[in-house]
Amino acid sequence: MRGEKAWSALFVGPAVLLVSFYLVLPTLYTVYLSFFDRNSQSFVGLDNFRYLFTNAAVQAAFRNNLLWLVVFTAGTVLLGLLLAVLLDRVRYEAVAKSIIFLPMAISFAGAGVIWRFMYAYRPEGAEQIGLLNQIVVWLGGTPRAWLIEQPWVNNLALIAAGVWIWTGFCLVIISAAYKGIPKDMMEAARVDGANELQVFRHISLPSLYPTLAVITTTMIINVMKIFDIVYVMTNGQFGTEVLANRMYKEMFQFRHFGRASAVAVVLLAVAAVVMVINIRRFREEEGR
Amino acid sequence: MSRRWTPGAVASRASLHFVIVLLCLVWLLPALGLLVSSFRPAQAVSGSGWWTVFTTPFDFTQYTLDNYRHVLFQDGMARAFLNSLLISVPSTVLPVLVAALAAFAFAWLRFPGRELLLLIVVGLLVVPLQTTFIPILRLYSQWGAAGTFAGLWFAHTGYGLPFAIYLLRNFFAALPRDLFESAYIDGASPWTAFWRLALPMSTPAIASLVIFQFLWVWNDLLVALIYVGGTQEVAPLTVRLSTLVGSYGQEWHVLTAAAFVTMIVPLSVFFALQRYFVRGILAGAVKG
């Protein structure tokens, strides 16, 4: 076609400019800044990274992120899988799905308030106003300060809020894939005498592997950037800090742009692995 | 499959429903607690659990709108609500337009570097925004763009583009080839093909994307926190809410009402347009 190149430049130009300005160039520049001091004046080599890997507070953030990575990813994907399979068997599937998916629509800041309230704590004997502690009391236990007891209780409490938000996302995607599995395959196995667990283990699960892989990488990407929940619920106090909150603190509290950049580079490094996987998968799909 | 009502089958059906209903309650109750508490007077909220209203649920004297009056007009949530709208609408229209143009070129025009650019877009899907904050914030501060609406509009546009381009390109590429070829034979320009053919035929995809981007921006805390911070005249609901959490800590009658104000719009969008929202999620499971 005549003038196709000129038209293409007009069509793609604005996007290329904006993406370069807001994503590509700043990312490269941040990598560069991570080798400089707090004001980006003098080159300091790997000092910022040495700080990240030796400072006790940052170590705690790494450890928490790792805990998030394992528990949050496993929690969302497994609950999503469980619900996808269970809901397929009941008539009120659509309603139940909406309920589980609902938290995806609201802000994580709002969800953070919801769960702060769930975890509200009053000393033993006082009237509880947080539902979780009231349930504990009803069951004959003693109320706990869920967001303060470190390191396990409060971090797991935050992660639970994260799982509450993201399970619906996993459910919707896994459920769509589950419904795509040919039903006659499952029927044939049942006719041959397989029980439901065997059908799931040998037919449904293998068919879901590609979807589960995509979901898991998506959740890993999410979990590395988790910020809002921690910011609103504990602001990283009581040993709950994660990397994204650490970066925010380095940036606005300590005003150390070298270290803040280094934290961002660590997040980028994890994302880069997924980036390579995604690009490879995209090329395979396009090459059909 | 015909179901036989043996005792074992009945028990397994019952436990299936039990597990599902239990999980649905875990998802519903935290949100319900927030909603109920936001309508209870301050003393009631701090004096007894929100579930106690259900002993006399239709005694309407136990509910009040005072909390909403308080957060909207004394705590600045009304202003923040307006700001959220002023931020979200342009931050949705702009990226969708720019992305649609680029996506059309990626799908139907040939130009040098097309494959490479597309791979870059796919790669950028998972880049953590954290790696862009420092350079852009510095430029913004120099230009006086920090703390302005325009600064946020363009930032959200840049950040939203990779996903928007990816989603729309996949949709455009699936349109029938003959359509465009016969249009070109009739003398149509790429602009006409885009505006008169591709766009009108892609309403469902555009709708999904608009909803997705709108909710993304409306619910965003981090980007707003970085680029407008505490500037009250510009700060959206999420930022305002997190400030209130900092200053009100345990005053749950205020916090629950404030949190619910942030959720009204997303919840309405969700209930009215859930289908499109879910479709957007399914189409772009790799969004970073």
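Let me sum up the structure you'll find in this document. Please read these numbers as outputs of a predicted model, since none were measured by experiment. (Residues numbered from 1 in each chain as written. Chains lettered and ligands numbered in written order. Predicted model: local features only at pLDDT ≥ 70, side-chain atom pairs only at ≥ 80, totals over all residues. Heavy atoms only, no water.)

With respect to the environment of B:Gly230
Residue and element names in this part refer to chain B.
Phase 1 of the analysis: With respect to the helices and strands, Gly230 occurs in the loop between α11 (222–227) and α12 (237–248).
Phase 2 of the analysis: Residue Gly230 is classed as exposed on the basis of its relative accessible area, which comes to 63%.
Phase 3 of the analysis: Put simply, Gly230 and Thr243 are 13 residues apart on the chain and 8.2 Å apart in space, counted from C-alpha to C-alpha. (Helix = DSSP H or I, 4+ residues; strand = E, 2+ residues; numbered from the N terminus. Buried < 20%, exposed > 50% of the residue type's maximum accessible area, 1.4 Å probe, protein only.)

A few points about unusual backbone geometry
All names here are of chain A.
Phase 1 of the analysis: Residue Pro151 follows Gln150 across a cis peptide bond; omega there is -5°.
Phase 2 of the analysis: Of note, Pro151 is situated in the loop between α6 (131–138) and α7 (152–179).
Phase 3 of the analysis: With phi around 60°, Ser40 is a residue other than glycine that occupies positive phi space.
Phase 4 of the analysis: Among the structural elements, Ser40 can be located in the loop between α1 (4–33) and α2 (47–54).
Phase 5 of the analysis: By relative accessible area, which is 18% here, Ser40 ends up buried.
Phase 6 of the analysis: With a phi close to 55°, Arg255 is a non-glycine residue in the positive phi region.
Phase 7 of the analysis: Within the element layout of this structure, Arg255 appears in the loop between α11 (243–252) and α12 (257–286).

A short note on the nonpolar core
Phase 1 of the analysis: One finds A:Trp68, B:Phe104, B:Phe133, B:Tyr159, B:Leu168, B:Phe172 and B:Tyr227 to be the most contacted residues of the largest nonpolar core, which totals 205 residues.
Phase 2 of the analysis: With 16 residues, helix α13 (residues 252–283) of chain B is the largest single contributor of residues to this core.
Phase 3 of the analysis: Mapping this core onto the domain boundaries places at least three of its residues in each of domain 1 (3–64) and domain 2 (70–286) of chain B.
Phase 4 of the analysis: When sequence neighbours within four positions are dropped, the list of residues in contact with B:Tyr227 reads B:Thr132, B:Phe133, B:Ile136, B:Leu137, B:Tyr140, B:Ala146, B:Gly147, B:Leu152, B:Ala155 and B:Tyr159. (Core = buried A, V, L, I, M, F, W, Y, C linked by side-chain atoms within 4.5 Å. Domains from an automatic or database assignment. Contact = heavy atoms within 4.5 Å.)

Looking at the interface of chain A and chain B
Phase 1 of the analysis: Contact with chain A, which involves 98 residues of that partner, is made by 105 residues of chain B.
Phase 2 of the analysis: A per-residue breakdown of the area chain A buries against chain B is headed by A:Phe11, A:Tyr22 and A:Phe117, which together make up 9% of the total.
Phase 3 of the analysis: At the surface where chain A touches chain B, the tally comes to 14 residue pairs in polar contact (both at pLDDT 80 or more).
Phase 4 of the analysis: By residue number, the principal contributor to the side of chain A that touches chain B is α1(A), which donates 20 residues. (Buried area = accessible area lost by both parts, 1.4 Å probe. Polar contact = N/O pair within 3.5 Å; in protein donor to acceptor, adjacent residues only side chain to side chain.)

Regarding the packing of helix α5 (residues 114–124) of chain B against helix α7 (residues 149–173) of chain B
Each pair of packed helices can be summarised by the angle the axes make with each other and by the distance between the axes.
All names here are of chain B.
Phase 1 of the analysis: Here α5 crosses α7 at 120°, and the two axes come no closer than 8 Å. By the criterion of interaxial angle, the relationship of α5 to α7 is oblique. The handedness of the crossing between α5 and α7 comes out as left-handed. In this structure, α5 contributes Leu118, Val121, Val122 and Leu124 to the contact, and α7 contributes Pro162, Ile165, Tyr166 and Arg169.
Phase 2 of the analysis: In terms of residue class, the contact of α5 with α7 is made up of seven nonpolar, no polar and one charged. (Axes fitted to C-alpha atoms, helices over the stretch in contact; angles between N-to-C directions. Parallel < 35°, antiparallel > 145°, perpendicular 65-115°, else oblique. Left-handed = near helix turned anticlockwise from the far one by under 90°. Nonpolar A, V, L, I, M, F, W, Y, C, P; charged D, E, K, R; others polar.)

So, the pattern of salt bridges
Phase 1 of the analysis: Following the criterion strictly, the structure yields 14 salt bridges over all chains and no others.
Phase 2 of the analysis: The shortest N-O distance in the salt bridge between A:Glu241 and A:Lys249 comes to 3.0 Å.
Phase 3 of the analysis: Relative accessible area serves as the criterion here: at 7%, A:Glu241 is assigned to the buried category.
Phase 4 of the analysis: Between B:Arg69 and B:Asp66 there is a salt bridge, with the nearest N and O atoms lying 2.9 Å from each other. Residue B:Arg69 and its partner B:Asp66 are located together in helix α3 (residues 66–74), separated by three residues, close to a single helical turn.
Phase 5 of the analysis: What makes B:Arg69 partly exposed here is its relative accessible area of 48%.
Phase 6 of the analysis: We classify B:Asp66 as partly exposed; its relative accessible area is 45%.
Phase 7 of the analysis: Each of A:Asp88, A:Glu93, A:Lys97 and A:Lys179 takes part in salt bridges that share partners, so that together they form one network. (Salt bridge = Lys/Arg side-chain N within 4 Å of Asp/Glu carboxyl O.)

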